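Spelled out, the chains give:
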Amino acid sequence: MPKCIVRHLPEPPPGMQWTHNNIEINYDSPRGGVSVITEKGEITTSYLLIQRAKSPDSGKYTCLPSNANPFTVTVHVLNGKYFN
């Protein structure tokens with residue numbers, strides 16, 4: 001599962017957006033099974049959860065905190081399991 005850690009900010013990011021291959025992720029899409037869990041605090045961690053991952057879910061995932069620099073990770077889905 002892709003995750004994003006934000007630290008060394010005066011306050012947690014008010015918003016956290018995720019993209020897949022530079023396209024904003026739509027959590028209400030027909031694909032379903034994609035959600036985000038964000039734990040805010042001195043260190044903010046955002047997890048992108050992808051259920052029933054398939055080959056098309058491979059690619060670049062970027063988290064875009066509203067008050068910090070973006071972070072990108074490349075995910076490879078192999079046999080329903082993903083690796084970054």
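Definitions and limits used
- Residues numbered from 1 in each chain as written.
- Predicted model: local features only at pLDDT ≥ 70, side-chain atom pairs only at ≥ 80, totals over all residues.
- Heavy atoms only, no water.
- Pairing = 2+ DSSP bridges.
- Helix = DSSP H or I, 4+ residues; strand = E, 2+ residues; numbered from the N terminus.
- Axes fitted to C-alpha atoms, helices over the stretch in contact; angles between N-to-C directions.
- Contact = heavy atoms within 4.5 Å.
- Buried < 20%, exposed > 50% of the residue type's maximum accessible area, 1.4 Å probe, protein only.
- Core = buried A, V, L, I, M, F, W, Y, C linked by side-chain atoms within 4.5 Å.
- Salt bridge = Lys/Arg side-chain N within 4 Å of Asp/Glu carboxyl O.

Undergrad: Describe the sheet that holds strand E5 (residues 44–50), and please don't skip the residues or the numbers.
TA: Read from one edge of the open sheet, 3 strands run E1-E5-E4, paired in antiparallel fashion. Two strands in the sheet have a free side with no partner beyond their single neighbour: strand E1 (3–6) and strand E4 (34–39). Within the sheet, the average angular offset between the axes of one strand and its neighbour, ignoring direction, is 10°.

Undergrad: Which residues make up the pairing of strand E7 (residues 71–78), and what are the values?
TA: Bridging between strand E6 (residues 59–65) and E7 involves 5 bridges; their strand directions are antiparallel. Bridged to Tyr61 within E7 is Val73. In sequence, E6 turns back onto E7 through a hairpin of 5 residues.

Undergrad: I'd love a proper account of the side chain of Asp57, names of residues and values included.
TA: By the secondary structure assignment, Asp57 is in the loop between E5 and E6. Not counting chain neighbours up to four residues away, the residues in contact with Asp57 comprise His20, Arg31, Ile50, Arg52 and Val77.

Undergrad: Provide a residue-level description of the environment of Ala53, including the pertinent values.
TA: Along the polypeptide, Ala53 turns up in the loop between E5 and E6. Of the residues examined, Ala53 reaches a relative accessible area of 9% and is grouped as buried. Taking C-alpha positions, Ala53 is 14 Å from Ile25, a pair spaced 28 residues apart along the chain.

Undergrad: Hey, could you go over the nonpolar core for me, with residue numbers and the actual values?
TA: Counting 14 residues, the largest nonpolar core has Cys4, Met16, Trp18, Ile25, Leu48 and Tyr61 as the members making the most contacts within it. Within the residue set of this core, elements represented by two or more residues are E1, strand E2 (16–20), E5, E6 and E7. By residue number, the principal contributor to this core is E7, which donates 3 residues.

Undergrad: A description of the pattern of salt bridges should follow, citing residues and the corresponding values.
TA: One pass over the full model with this rule turns up 1 salt bridge. Among the ionic pairs, Asp57 bridges to Arg31, the shortest N-O distance being 2.7 Å. You can see Asp57 sitting in the loop between E5 and E6 and its partner Arg31 sitting in the loop between strand E3 (23–24) and E4, a full 26 residues away along the chain. Judged by relative accessible area, Arg31 falls into the partly exposed class, the value being 30%.

None of this, on its own, says anything about what the molecule does.
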